[in-house]
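Fold and contact review
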Amino acid sequence: MLLILRTIFVVIYSILVCVFGCIWCLFSPRNPRHVATFGHLFGKLSTVFGVKVELRKPQGAENYGNAIYIANHQNNYDMITAAKIVQPTTVTVGKKSLLWVPFFGLLYWLAGNLLIDRDNRAKAHGTIGKLVDQFNKKRISFWMFPEGTRSRGRGLLPFKTGAFHAAVAAGVPVIPIVVSNTHGKINLNRLKNGLVIVEMLPPVDVKQFEATSVRKLATHCRELMAAKLEELNAEVEEREKNGKI
């Protein structure tokens, strides 16, 4: 019964956000500020799913300039966890097929997100040039999932290098974001589904890797995120066991 009620509420809420969001975005289409606004609105659904999401940011994170944010990509629940920490003027880079998702696809595009054709390698590589061009024109940041796909309980997958090539080419920092485990954690028929911690790590200065390689930059960021993910998962397990959430 709880699953049915949650499903009905989430569907109605999502449609309303998408429809009114599209209307709102028409007054300033493709404005990068829209992404954080609607990301945070979808993040409010965490309460409906019975998940307590704890956000952690470095001091002064609100004043960061252009950057590339990278995050671990677990499953569709990223929409109610990671979405809560999206910074203003940050847009995501998503696959072109998202445009065809009913209601959501149009909002995703109107909000200013960048769509790429992952099946066309030439166009996908051309995305790096588009990112650099956007960095040079305005204050904007990009959110990317370097794993390239949902991990679905397989841990932190190997990183692709596109995000790191873009960061080096534009001379902007990489800012890792780590979300504690959500795989198998959320039961829609259960009232409370525990704690999820979303932590933003300090910026990684890409200039330190100019004399080495983009792959070493990617490896360094992955190591940072893997260590933090293990740390957060252990903390969540301990706090849930002791009822301190």
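Residues numbered from 1 in each chain as written. Predicted model: local features only at pLDDT ≥ 70, side-chain atom pairs only at ≥ 80, totals over all residues. Heavy atoms only, no water.

Along the backbone of the protein there are seven helices and seven strands. When the helices and strands of the protein are placed in sequence order, the string is α-α-α-β-β-β-α-β-α-β-α-β-β-α. In terms of overall dimensions, the protein is globule-like: its C-alpha atoms have a radius of gyration of 18 Å, near the 18 Å expected for 245 residues. Sorting the 245 residues of the protein into buried and exposed places 47% on the buried side. Counting only carbon and sulfur atoms, one obtains 60% of the accessible surface of the protein, whose full area is about 12700 Å². Here the protein contributes 32 positively and 17 negatively charged side chains, and the mean placements of these two sets differ by 7 Å. (Helix = DSSP H or I, 4+ residues; strand = E, 2+ residues; numbered from the N terminus. Rg over C-alpha atoms; globule rule 2.2 N^0.38 Å. Buried < 20%, exposed > 50% of the residue type's maximum accessible area, 1.4 Å probe, protein only. Areas by Shrake-Rupley, 256 points an atom, 1.4 Å probe, with all protein chains shown as cover. Lys, Arg positive; Asp, Glu negative; His and termini not counted. Charge placed at Lys NZ, Arg CZ, Asp CG, Glu CD.)

Attention now goes to the pairing of strand 5 (residues 141–144). Neither face of strand 5 is left uncovered, since the one carrying S141 and W143 and the one carrying F142 and M144 both have all their residues buried. Bridge analysis of strand 2 (residues 68–71) against strand 5 gives three bridges, and the strand direction is parallel. Directly across from I70, in strand 5, lies its bridge partner M144. Across three bridges, strand 3 (residues 90–95) lies against strand 5 in parallel orientation. Bridge pairing links V91 to F142 in strand 5. (Pairing = 2+ DSSP bridges.)

On to unusual backbone geometry, then. Of note, R30 is a non-glycine position whose phi angle comes to about 65°, a positive value. As for its placement among the helices and strands, R30 is situated in the loop between helix 1 (2–25) and helix 2 (33–43). Relative accessible area serves as the criterion here: at 30%, R30 is assigned to the partly exposed category. Its identity as a non-glycine residue notwithstanding, R152 has a phi of 50°, on the positive side.

Residue placement: N66 occurs in the loop between strand 1 (52–56) and strand 2. Of note is the side chain of N66, whose polar atom sits 3.2 Å from the backbone oxygen of F135. Within the local environment of N66, its side chain forms a polar contact with the backbone oxygen of K138, the two atoms lying 3.2 Å apart. Filtering out sequence-adjacent residues up to four positions away, N66 remains in contact with F135, K138, R139, I140, S141, V172 and P173. (Polar contact = N/O pair within 3.5 Å; in protein donor to acceptor, adjacent residues only side chain to side chain. Contact = heavy atoms within 4.5 Å.)

To continue, consider the nonpolar core. Side chains of nonpolar character tend, in soluble globular proteins, to be buried together. Of all hydrophobic cores here, the largest spans 71 residues; its most connected members are I68, I70, F142 and F164. Not counting residues within four places of it along the chain, the set of residues in contact with I68 comprises F135, F142, M144, A163, A166, A167, V172, P173, V174 and I175. (Core = buried A, V, L, I, M, F, W, Y, C linked by side-chain atoms within 4.5 Å.)

The next point concerns the packing of aromatic side chains. By the definition in use, this model includes seven aromatic pairs. With 6.1 Å between their ring centres and 70° between their planes, F42 and F104 make a pair best called edge-to-face. In this pair, F42 is assigned in helix 2 and F104 in helix 4 (residues 104–110), connecting sequence segments 62 residues apart. Plain terms: the ring middles of W143 and F145 are 6.3 Å apart, the flat faces sit at 75° to each other, and that makes the pair edge-to-face. Under the relative-accessibility criterion, W143 is labelled buried at 4%. Of the residues examined, F145 reaches a relative accessible area of 24% and is grouped as partly exposed. Each member of the aromatic cluster is reached from another via a ring pair, and the members are F42, F104 and Y108. (Phe/Tyr/Trp six-rings, centres within 6.5 Å; stacked < 30°, edge-to-face > 60°.)

Everything listed here is a matter of coordinates, which is why it stays silent on function.
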